[in-house]
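Chain residues, written in single-letter form:
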Amino acid sequence: MSREYLKSAVMFGFFLVVIGVAMAKLHGSYLADTPSAVTHPAVVSHGDGPLGISAHLVQDKIFFGGDGTVSLALTMSADAAAVVSEDDGVSQHVDMVVVLDQSGSMSGQKIEYARQSILDLLSSLSSQDRFALIGYADRVWRYADLNYVTDTNRRGLQNLVGQLTPGGNTNLGGGLQEGINTLLAAGKIGNVEKVILISDGLANRGVVDPESLGNMASVAIQKEFAVSTVGVGEDFNEQLMTAIADRGAGNYYYLANPQSFAAIFQQEFQHAKNVAARAVEISLPLPDGVSLLYASGYPVSVSGNRAVVHPGDLLAGQTRKLFLTLQFPTSSETIYQLQGLAVRYLHQGQPYTATFSTSLQIACVNNPDEVVASIVQEEWEQKVLQEDFNALRERVALEMKQGKKQEALQQIDSYYQQQNMLNAEIGSAKVSVHLDEEVNELRDMVEQTFTGSAPQVEMQQKTNAKFLQYEGYKERRAQK
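Thresholds applied
Residues numbered from 1 in each chain as written. Predicted model: local features only at pLDDT ≥ 70, side-chain atom pairs only at ≥ 80, totals over all residues. Heavy atoms only, no water. Helix = DSSP H or I, 4+ residues; strand = E, 2+ residues; numbered from the N terminus. Buried < 20%, exposed > 50% of the residue type's maximum accessible area, 1.4 Å probe, protein only. Contact = heavy atoms within 4.5 Å. Pairing = 2+ DSSP bridges. Axes fitted to C-alpha atoms, helices over the stretch in contact; angles between N-to-C directions. Core = buried A, V, L, I, M, F, W, Y, C linked by side-chain atoms within 4.5 Å. Salt bridge = Lys/Arg side-chain N within 4 Å of Asp/Glu carboxyl O. Phe/Tyr/Trp six-rings, centres within 6.5 Å; stacked < 30°, edge-to-face > 60°. Polar contact = N/O pair within 3.5 Å; in protein donor to acceptor, adjacent residues only side chain to side chain. Parallel < 35°, antiparallel > 145°, perpendicular 65-115°, else oblique. Left-handed = near helix turned anticlockwise from the far one by under 90°. Nonpolar A, V, L, I, M, F, W, Y, C, P; charged D, E, K, R; others polar.

Caption draft 1: A look at the overall build of the protein. Secondary structure assignment for the protein yields 15 helices and 19 strands. Out of the 480 residues in the protein, the part that is buried amounts to 53%. For the protein, the share of sequence-separated contacts (at least 6 apart) that also reach a separation of at least 24 residues comes to 77%.

Caption draft 2: Fine view of the sheet that holds strand β5 (residues 130–136). What the six strands build is an open sheet, ordered β6-β5-β4-β7-β8-β9; its pairing is mixed. Two strands lie at the open edges of the sheet, namely β6 (140–148) and β9 (249–255), each paired on one side alone. Going across the sheet, the axis of each strand differs from the next one's by a mean of 10 degrees, ignoring polarity. Relative to strand β7 (residues 192–199), strand β4 (residues 94–101) runs parallel, the two being bridged by six bridges. Each residue of the ladder has a partner; that of valine 97, found in β7, is valine 195.

Caption draft 3: Fine view of the nonpolar core. Val98, Ile118, Phe131, Ile198, Val230, Ile244 and Phe261 are the most contacted members of the largest nonpolar core, which has 61 residues in total. For this core, the leading source of residues is β4, giving six residues. Residues in contact with isoleucine 118, not counting those within four places in the same chain, are Val98, Leu100, Phe131, Leu133, Val161 and Phe265. Core analysis: the second largest hydrophobic core is formed by 40 residues, Ile62, Val83, Leu338 and Ala478 among them.

Caption draft 4: Structural view of the pattern of salt bridges. As enumerated under the stated definition, the model contains 24 salt bridges in all. Residue glutamate 281 is joined to arginine 344 by a salt bridge in which the shortest nitrogen-to-oxygen separation is 3.7 Å. Here the residue glutamate 281 occupies a position in strand β10 (residues 275–285), and arginine 344 occupies one in strand β17 (residues 342–347), the gap between them amounting to 63 residues. Under the relative-accessibility criterion, glutamate 281 is labelled partly exposed at 23%.

Caption draft 5: Up close: unusual backbone geometry. Despite not being glycine, glutamate 224 shows a phi value in the positive range, around 65 degrees. Of note, glutamate 224 is situated in the loop between α7 (219–223) and β8 (226–232). We note that alanine 249 has phi near 55 degrees; this positive angle belongs to a residue other than glycine. On the secondary structure map, alanine 249 appears in strand β9.

Caption draft 6: Molecular detail of the packing of aromatic side chains. One pass over the structure, following the stated rule, counts ten aromatic pairs. When the centroid spacing of 5.4 Å and the interplanar angle of 85 degrees are considered together, the rings of tyrosine 252 and tyrosine 473 count as edge-to-face. Note that tyrosine 252 is positioned in strand β9 and tyrosine 473 in helix α15 (residues 454–476), a separation of 221 residues in sequence. Tyrosine 473 sits in the buried class, given a relative accessible area of 0%. The rings of Phe236, Tyr252, Tyr254, Tyr470 and Tyr473 are connected pair by pair, giving a single aromatic cluster.

Caption draft 7: Spotlight on the sheet that holds strand β11 (residues 291–295). Here four strands make up an open sheet; going across it, the order is β1-β3-β15-β11 and the pairing antiparallel. Single-partner strands in this sheet number two, and they are β1 (51–57) and β11. Averaged over neighbouring strand pairs, the angle between their axes works out to 25 degrees when direction is ignored. Summarising the sheet, strand β3 (residues 69–78) and strand β15 (residues 319–327) pair through nine bridges and their orientation is antiparallel. Pairing of threonine 75 across the sheet is with lysine 321, part of β15. Sitting on the sheet, helix α11 (residues 377–401) is in contact with β3 and β15, with an inclination near 95 degrees to β15.

Caption draft 8: Structural context of the environment of aspartate 235. Looking at the secondary structure, you find aspartate 235 in the loop between β8 and α8 (238–247). Note: C-alpha distance between aspartate 235 and threonine 463 (228 residues apart in sequence) is 9.2 Å. Of the polar contacts made by the side chain of aspartate 235, one reaches the side chain of lysine 462; its length is 2.9 Å.

Caption draft 9: A look at the packing of helix α12 (residues 405–426) against helix α13 (residues 429–436). Contact geometry for α12 and α13: axes closest at 10 Å, N-to-C directions at 155 degrees. Comparing their axes, α13 and α12 come out roughly antiparallel. Classified by chirality, the crossing of α13 by α12 is left-handed. Two secondary-structure elements touch here, α12 through Tyr415, Tyr416, Gln419, Asn420 and Asn423 and α13 through Val431, Ser432, His434, Leu435 and Asp436. Looking at the contact of α12 with α13 residue by residue, the class counts come to four nonpolar, five polar and one charged.

As structure tokens, this is what we get:
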């Protein structure tokens, strides 16, 4: 592949993605005469909180007249000792509201496993934890308000769970709203608060508009709790369930087999007990004309010149790396500065802010060689494998679900060509293996999905699309 061809691609805005850590090493020559050039991004934990952050530009140069996209790698790390263990006598406790789909499609094994899993969860809760149970089908039932799980209350809840029966349609919005209202009505007592919404079908009663359901969940961010979602089987809307979880700052789970109910409940319970930073908010001031396009799949809101992202909680000892893709104007040769990046969060009910105090600089230059040279190999590799590939998986999953085989294959081919073109210059063995193996496996998966009889293809579309979308969701958001 010729150097001139690569330069032409840069000029027309191919997706140059880079994540600089040692920027001075690869491109210090261009900014060497700039006194405030960043060479050593710092990890800062402000206000004695348990959360530290580091931020690195993937590339600090963009091409004059190009698309102006630059990626910023944001790493958030929570202190392993941020949560006191039960062995020390002071454990973090949980307020948990389970919102259970009781529509007719939950009959059989699904409702049986759901019942048993709730019973298992109740046996894990202490008298300092609170639990509520909501059911929904055509109607919505508040079986139990949010109350402490004393021995007496536990027995009453166990009796209620044993009587749950399925039937009717799916008023998902009604169940979600009732779960949120139940949590809010109980008032805060310092416990980690969580709503878990379960569904195995499409919302077909009450509020069904995805945007409205997402807005319903977004109150969680204002009120500092989380909404997690669990999709069961093959007939629910995975894009909707993901959107509710993202807007509600929670987690999304896909259960192909209802036997996994118990593991999900226990995981959410244990996560809540080990949250070191909750109600996490990433805040990034944007220079004039600059946009934040993507944030590892999370919704981006912009107010004035400030972009805000809510990526959910961080657990004690957990490190998460997210990629923020920005777009800069490229109409003039100039230097842009990013400064004021902050991560706000709650720890044990108290507000903290971790700040990145160093200014990051992006130069718009008229030399494509300098742009290519500013790519930091190690960081670029991680962005390709975590952000780019998993964003591709989510797109391909949607095309598969909609029966668009050729469009799915075109997405894969376009991705392969772009990454292979850049890698011809960067020379990453990891990316070469990725393109030869993982990308080809994805292509084979699309071909297999559309092979067989019409009923087989229909089932494979549902199953493979949900699996692929879920894997992309987890990996892209660093929720492995």
